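Listed here are the chains, written in short residue letters.
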Amino acid sequence: MPFNLVLEHELSELSLLMERRAGVLLNRPQDVLSAKVSEYLQSRRLSSVADLLGRLQASDAECERLLEQLLDGETGFFRHPAAFSLFESEILPELRLRKGTESPQSLRILSAGCSTGEEAYSVGLSVCEAMKEAGGSWMIHILASDVRQDALTFAERGLYPQAALATLPRALVQSYFARVDQHFLAKPRLRNLITFTQMNLARPAYLGRFDCIFCMDVLPHFSTAQRIALTQRLHLYLEPGGYLWLGDSEKLPTADVTFQSESHQSFTLYRKPFAAAAKAGKLF
């Protein structure tokens, strides 16, 4: 049967519980959040918010399912143009030179909170273009994570409507996507660079070291305590000299780790110092 909109005090209680259990802030407009929760109650055949709260307290899986419903990841190919221009024109060439003497030559990149995959594929496109003229045999691995399994399932297919690729140069589309009716499918040369995995960034997990981490427009979804904890984990995940990419208007919280702040025109990039005692740049 249809549900009435969820009451304000019920939303407050639900938001507090989700912040405590998952570290996630449900900071969407009240009418949107109320409608989403109502839809979820109906889909799970629950008669009240009280029933939902009981399930959430008892089950991590229920928390994950609710997050899938409530977190709509706004995304798109090259959604932060200044960041990707910097990545392709300056950072990737610098990494290529710095790591070119390694054996094997490898590049590991994390796309954290990748939503339906557009960011991860944008990273892959930039890497492919920057590495076209590079000699040697490079091992490229892009790990892309999101808390929502439905978003990851979409991303893993690599199949996007024509409108989603409208802002990409035609040469990129022709080189890295194959037309399938009114959609475009990522070709193996791009798709095989990326591994998609479900992960809640609020929960500690060690994923190895990365040369670059894209965590764009993700921090605002977390509580202050979780932002600090996540910043510390991202610092741990980075190789010395590695780069952290945030959204255009995002700032790192004050945390007990050191990042160098590098301004590139209108974009601010964060770098893990090569040495723990590094003094250059702005420290956090």
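Before any of the text, the structure's been laid out above.
Residues numbered from 1 in each chain as written. Predicted model: local features only at pLDDT ≥ 70, side-chain atom pairs only at ≥ 80, totals over all residues. Heavy atoms only, no water.

Enquirer: Is there a simple way to think about the sheet that holds strand β4 (residues 177–180) in this case?
Expert: Adjacent strands of a sheet pair through backbone hydrogen bonds, lying either parallel or antiparallel. Taken in spatial order, the three strands make up an open sheet running β3-β5-β4, and their pairing is antiparallel. Edge positions in the sheet fall to β3 (159–161) and β4, since each has one partner strand and no second. Pairs of neighbouring strands in the sheet enclose a mean axial angle of 30°, with direction left out of account. With three bridges joining them, β3 and strand β5 (residues 183–186) adopt antiparallel strand pairing. (Pairing = 2+ DSSP bridges. Helix = DSSP H or I, 4+ residues; strand = E, 2+ residues; numbered from the N terminus. Axes fitted to C-alpha atoms, helices over the stretch in contact; angles between N-to-C directions.)

Enquirer: I would appreciate a short explanation of the sheet that holds strand β8 (residues 238–245) in the present structure.
Expert: An order of β6-β2-β1-β7-β8-β10-β9 is seen for the seven strands of this open sheet, with the pairing classed as mixed. With partners counted over all chains shown, the strands left at the sheet margins are β6 (194–198) and β9 (260–264), one partner each. Going from strand to strand, the sheet's axes swing by 20° on average, the running direction of each strand aside. Against the sheet, helix α7 (residues 149–157) engages β2 (138–146) and β6, with an angle of about 165° to β6. Across the face of the sheet, helix α10 (residues 224–237) comes into contact with β1 (105–112), β7 (210–214) and β8 while running at roughly 130° to β8. (Contact = heavy atoms within 4.5 Å.)

Enquirer: Hey, could you run me through the pairing of β5 in this one?
Expert: Two faces, one strand: in a regular strand the side chains alternate between the faces of the sheet. Residues of β5 alternate between two faces, with Phe184 and Ala186 buried on one and His183 and Leu185 left unburied on the opposite face. By the bridge criterion, four bridges tie β4 to β5 in an arrangement that is antiparallel. Its bridge partner lying in β5, Phe177 is registered against Ala186. (Buried < 20%, exposed > 50% of the residue type's maximum accessible area, 1.4 Å probe, protein only.)

Enquirer: In this structure, what is going on with the pattern of salt bridges? I would like to understand it.
Expert: Here the idea is simple: oppositely charged side chains can pair when their charged atoms come close. All chains considered together, the criterion is met by 11 salt bridges. With its nearest N and O atoms 3.9 Å apart, the salt bridge here joins Glu62 to Arg55. With relative accessibility at 2%, the residue Glu62 sits in the buried group. The shortest N-O distance in the salt bridge between Glu239 and Arg209 comes to 4.0 Å. One end of the pair, Glu239, is in strand β8; the other, Arg209, is in the loop between β6 and β7, and 30 residues separate them in sequence. Take Glu239: its relative accessible area is 29%, and that puts it in the partly exposed class. One salt-bridge network, in which partners are shared between bridges, spans Arg44, Arg55, Glu62 and Arg65. (Salt bridge = Lys/Arg side-chain N within 4 Å of Asp/Glu carboxyl O.)

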